[in-house]
Amino acid sequence: FKELLEIEEVGTPNYAMITHSYSRLCHHQKKYDEEKKYLMLSAIADTRNATRENASLQSLALIAYDEQNLADAFKFTQSAIDDVISSGIHFRAIEIYKFNSIINTAYQTEEARSKSNLITFLISTSIILFLLVLLVICIYIQMRKILKIKRALVQSNEKLLLLLILLLVFLLIFVLI
């Protein structure tokens with residue numbers, strides 16, 4: 001396969017078939033990173049050539065699903081379905097519809113869980129914001145009370161000072177007499 005890839009022009013329909021076949025060999029040899037690489041090269045070549053034979057996209061969708069990458073699995077599946085619909089290749093349609101419902105259900109479940117998490121986060125944030133506003137209001141009220149108490153203390157101190165001065169004056173008068 002490597003020799004064939006070296007002589008074949010990148011992006012041609014033959015290149016797509018060779019890379020897809022090579023990806024299958026990599027799968028059987030448990031070279032999963034290489035498998036994905038060659039499936040992607042095959043899918044790119046198929047897309048560039050407007051080839052509606054989408055075995056590479058189907059395989060990529062299954063790999064993405066196995067890796068719990070549901071967003072990519074869903075995208076690959078939808079693209080493969082679009083290809084099947086526009087090409088009329090019915091034997092591929094049967095294959096893709098088998099796992100489309102599984103991927104679609106998993107994707108929808110993941111989306112619902114994400115939305116639920118987002119709603120929970122928004123509610124929590126709103127509650128925290130509300131409590132923060134209440135706290136600011138309480139702090140403001142306490143600051144006003146402290147300010148009133150400070151003013152009252154200043155007035156009391158002024159009165160005490162006046163009384164002290166009067167007492168000193170009386171004492172001074174008393175001592176002088």
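1. Let's talk about the packing of aromatic side chains
- With the rule as written, the count across this model stands at two aromatic pairs.
- Centroid distance Tyr22 to Tyr38: 4.5 Å. Interplanar angle 75°. Geometry classified as edge-to-face. You can see Tyr22 sitting in helix H2 (residues 13-28) and its partner Tyr38 sitting in helix H3 (residues 32-48), a full 16 residues away along the chain. Grouping residues by exposure puts Tyr22 and Tyr38 together as buried.

2. A few points about the confidence of the model for the chain
- The predicted model of the chain averages 86 in pLDDT, with 94% of residues at 70 or higher.
- Of all the helices and strands in the chain, helix H1 (residues 2-7) carries the lowest mean pLDDT, 77, while helix H6 (residues 90-176) carries the highest, 90.

3. Considerations on the nonpolar core
- Counting 14 residues, the largest nonpolar core has Ile96, Phe99 and Ile103 as the members making the most contacts within it.
- Per element, the largest residue contribution to this core is five residues, and it comes from helix H4 (residues 55-66).
- Core analysis: the second largest hydrophobic core is formed by eight residues, Ala16, Tyr22, Cys26 and Ala45 among them.

4. What about H2?
- Helix length check: H2, at 16 residues, gives a terminal C-alpha distance of 23 Å against a target of 22 Å (1.5 Å per residue), a fit within 8%.
- When we look at burial in H2, the residues that qualify are Tyr15, Ala16, Ile18, Thr19, His20, Tyr22, Ser23 and Cys26.
- At its buried positions, H2 is contacted by H1, H3 and H4.

Rules and cut-offs
Residues numbered from 1 in each chain as written. Predicted model: local features only at pLDDT ≥ 70, side-chain atom pairs only at ≥ 80, totals over all residues. Heavy atoms only, no water. Phe/Tyr/Trp six-rings, centres within 6.5 Å; stacked < 30°, edge-to-face > 60°. Helix = DSSP H or I, 4+ residues; strand = E, 2+ residues; numbered from the N terminus. Buried < 20%, exposed > 50% of the residue type's maximum accessible area, 1.4 Å probe, protein only. pLDDT = per-residue confidence, 0-100. Core = buried A, V, L, I, M, F, W, Y, C linked by side-chain atoms within 4.5 Å. Expected span 1.5 Å × (residues − 1). Contact = heavy atoms within 4.5 Å.

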